[in-house]
Amino acid sequence: MHRLSLRLGNKSSKNLTFQLLNSIQSPRLWISETKLSGIIQIRELKRNIITFRTMTQVETSLKPLFSTIESLQSDFIARLSKAVSIPSVSADQTLRPRVVEMSHFLESELKALGASVELRELGKQPGTNIDLPPIVLARYGNDNSKRTILVYGHYDVQPALIEDGWSTEPFELIEKDGKLYGRGSTDDKGPVIGWINSIDAHQRAGIEFPVNLLMCFEGMEEYGSEGLDDLIRAEADKFFKDTDAVCICDNYWLGTTQPALTYGLRGCSYYSITVEGPAADLHSGVFGGMVSEPLIDLTHVLSSLVSSQGEILIPGVMDLVAPLTEEEDKLYDKITFSMKDLYEATGSKTNLHETVKRSLMARWRYPTLSLHGIEGAFSAPGAKTVIPAKVTGKFSLRTVPNIMPRELDELVFKHINNVWEKLHSKNKINVNLLHDGMWWLSSPDHWNFEAAKRATKAVWNVDPDMTREGGSIPVTLTFEEALEKNVLLLPMGRGDDGAHSINEKLDVINYINGIKTLSAYLHYASVEPTSV
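Thresholds, definitions, all that
- Residues numbered from 1 in each chain as written.
- Predicted model: local features only at pLDDT ≥ 70, side-chain atom pairs only at ≥ 80, totals over all residues.
- Heavy atoms only, no water.
- Helix = DSSP H or I, 4+ residues; strand = E, 2+ residues; numbered from the N terminus.
- Buried < 20%, exposed > 50% of the residue type's maximum accessible area, 1.4 Å probe, protein only.
- Contact = heavy atoms within 4.5 Å.
- Areas by Shrake-Rupley, 256 points an atom, 1.4 Å probe, with all protein chains shown as cover.
- 1 Å grid on protein atoms, 1.4 Å probe; cavity = no way out; pocket = protein on both sides within 12 Å on 5 of 7 lines; lining within 4 Å.
- Points joined across faces, edges and corners; volume = space filled by probe spheres on them.
- Nonpolar A, V, L, I, M, F, W, Y, C, P; charged D, E, K, R; others polar.
- Polar contact = N/O pair within 3.5 Å; in protein donor to acceptor, adjacent residues only side chain to side chain.
- Pairing = 2+ DSSP bridges.
- Axes fitted to C-alpha atoms, helices over the stretch in contact; angles between N-to-C directions.

Caption draft 1: Broad picture of the overall build of the protein. In terms of regular secondary structure, the protein is built from 14 helices and 20 strands. Residues counted as buried form 49% of the 532 residues belonging to the protein. The long-range share in the protein, meaning contacts at least 24 apart out of those at least 6 apart in sequence, stands at 77%. Of the accessible surface of the protein, which amounts to about 24,900 Å², a share of 50% is contributed by carbon and sulfur atoms.

Caption draft 2: Focus on the environment of Glu481. Its location among the elements puts Glu481 in helix 13 (residues 474–483). For the pair Glu481 and Arg233, spaced 248 residues apart in the sequence, the C-alpha separation amounts to 8.9 Å.

Caption draft 3: Region of interest: unusual backbone geometry. The linkage connecting Asp187 with the following residue, Asp188, adopts the cis geometry, with an omega of 5 degrees. By the element assignment, Asp188 lies in the loop between strand 7 (179–181) and helix 4 (189–205). The residue after Pro401, namely Asn402, is reached through a cis peptide bond having omega 5 degrees. In this structure, His424 takes a positive phi of about 55 degrees despite not being glycine. Judged by its relative accessible area of 70%, His424 is exposed.

Caption draft 4: A look at the layout of surface pockets. Considering only enclosed or pocket space, the second largest pocket measures out at about 580 Å³ in volume. In terms of lining, the second largest pocket is formed by 23 residues, of which the most central are Tyr263, Leu331, Pro444, Asp445 and Met466. When contributions to the lining of the second largest pocket are tallied by element, the ones reaching two or more residues are helix 8 (326–331) and strand 18 (465–469). Its residues assigned to classes, the lining of the second largest pocket comprises 11 nonpolar, three polar and nine charged.

Caption draft 5: Quick look at the side chain of Thr456. Relative to the elements of secondary structure, Thr456 occurs in helix 12 (residues 447–460). Polar contacts involving the side chain of Thr456 include one to the main-chain carbonyl oxygen of Ala452, which spans 2.8 Å.

Caption draft 6: How the structure looks around the sheet that holds strand 15 (residues 390–399). Taken in spatial order, the four strands line up as 13-15-11-16 in an open sheet, and their pairing is antiparallel. In this open sheet, the two edge strands, each paired with only one partner strand, are strand 13 (368–375) and strand 16 (428–437). When strand polarity is set aside, the average angle formed by the axes of neighbouring strands in this sheet is 20 degrees. Of the pairings in the sheet, the one linking strand 11 (residues 267–276) to strand 16 comprises nine bridges and is antiparallel in character. Directly across from Ser269, in strand 16, lies its bridge partner Asp436. Together, strand 11, strand 15 and strand 16 form the strand contacts of helix 11 (residues 405–423), whose direction differs from that of strand 16 by roughly 160 degrees.

Caption draft 7: Representation of the sheet that holds strand 7 in the model. Taken together, three strands build an open sheet; the order of strands is 6-7-20 and the sheet is antiparallel. Two strands lie at the open edges of the sheet, namely strand 6 (174–176) and strand 20 (505–507), each paired on one side alone. Strand-to-strand twist across the sheet, computed as the mean angle between neighbouring axes with direction ignored, equals 25 degrees. The pairing of strand 6 with strand 7 spans three bridges and is antiparallel. Paired with Ile174 across the strands is Tyr181, a residue of strand 7. Sheet strands in contact with helix 14 (residues 508–527) are strand 6, strand 7 and strand 20, and its direction is about 65 degrees off that of strand 20.

Caption draft 8: Highlighting empty space enclosed by the protein. Tallying each qualifying case throughout the model produces three cavities of 30 Å³ or more. Of the volumes computed, that of the largest cavity is approximately 90 Å³. Every residue lining the largest cavity is counted, 14 residues in all, and those nearest its centre are Trp253, Trp460, Pro491, Met492 and Thr517. At five residues, the largest contribution of residues to the lining of the largest cavity is made by helix 14. Grouping the amino acids of the lining of the largest cavity by side-chain chemistry returns nine nonpolar, five polar and no charged.

Right, here's the structure in full:
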């Protein structure tokens with residue numbers, strides 16, 4: 001029996017004494033005094049008291065679960081080692097059988113723990129006769145009285161060769177100085193295996209799994225996620241129909257010391273500008289000064305897009321950006337990040353902004369325009385006096401609320417055409433949108449996020465940073481739109497893990513505490529009230 005006293009109304013109100021039974025199945029409420037100076041919402045009071053009790057019970061059940069996870073550290077590292085040893089590189093067609101092998105590995109691990117698993121075939125990769133790797137759809141638990149949480153991850157990885165500069169064999173998990181080195185360790189095999197480890201830990205600890213868990217693990221994330229969006233939309237009212245909330249574990253902390261939850265991503269619109277003139281490359285000593293040079297024209301157009309200080313020069317783009325609210329502005333004051341972190345991440349002091357807040361806003365909530373390269377221009381070592389006949393420049397805009405892709409296209413095309421007309425060039429220009437993806441912004445006050453906040457605090461003993469990402473994870477928006485459910489990004493790894501780079505790693509403490517966090521999140525999500 002617990003006793004909780006609350007004072008309601010003004011100072012003259014009577015104290016109300018509530019007695020709470022430990023049994024969650026039959027909560028009861030007693031009020032010893034009923035003379036109140038104001039109106040009270042009994043239903044809200046009862047819900048708060050029940051929440052108080054259930055949260056306490058969750059925290060009690062987490063202690064033995066965490067101990068079990070710690071005791072299974074060597075087993076969990078061994079499971080990840082098996083996963084990393086499979087070179088599931090989706091971009092390399094010669095390794096496609098190994099990507100499929102990885103899907104079968106996950107199927108075997110999940111079935112051994114009692115999950116129902118289907119390997120959903122997606123057909124041929126467009127433009128080839130090669131089969132796409134299957135999407136692993138799995139379910140653990142089918143209790144109508146429990147919430148259903150859908151988790152997403154990917155089991156394919158980026159290419160990696162020892163000659164790229166790796167200090168260790170990329171497809172052999174090496175533990176050194178508290179870190180687990182290997183391709184896919186943090187992106188994204190560590191988190192995917194983390195969900196499997198969570199199921200395993202519950203079974204070995206003899207603790208009931210708190211939710212129904214749906215799993216969607218794909219094998220083409222690093223190569224365009226072919227077929228994934230279509231599957232999600234087709235299964236929205238089938239496999240995914242019971243989903244109450246979605247959790248994606250495929251991003252990272254902002255830095256190296258503070259856990260984070262992510263509630264926003266920028267979109268990306270990627271364009272090309274092609275300028276062509278002569279029928280073939282020309283000798284600059286013979287034709288220089290006699291013909292319009294495509295590379296000179298292209299350089300003029302590219303320089304009209306963005307200033308050296310990062311200012312987008314395309315008229316109208318910044319007018320589409322949602323205004324900064326006072327509430328949002330305050331969120332940046334709580335972020336654990338320093339200019340030193342930025343210097344270390346870039347290996348330089350080439351920052352455009354002098355403060356942390358302005359730098360983070362530039363990364364998260366404002367659009368940016370970046371130039372990426374030029375096709376057709378001479379770029380090899382040495383000197384070559386050639387006038388290229390055709391060149392193509394590539395650039396992209398990272399988009400934010402409330403920039404809509406088609407509105408942006410119109411502004412981009414109009415600006416480039418206006419600049420081109422002023423050049424009076426006899427060359428030809430062609431502007432194309434290569435691909436685009438929408439930005440995503442969620443509510444960090446949703447019960448799904450509240451559960452993750454509690455879980456992070458329970459494991460790391462700190463409140464997580466509430467962050468947005470400068471990059472894009474398109475599947476996030478697909479899940480939100482198709483299922484109409486809240487989507488949470490819950491990172492396991494740190495900002496220095498080196499995903500996509502050489503010597504990719506996942507700290508052992510992040511791996512083990514990450515499994516704890518994923519597990520605790522599921523427990524809190526099972527009881528978190530839908531409103532406060």
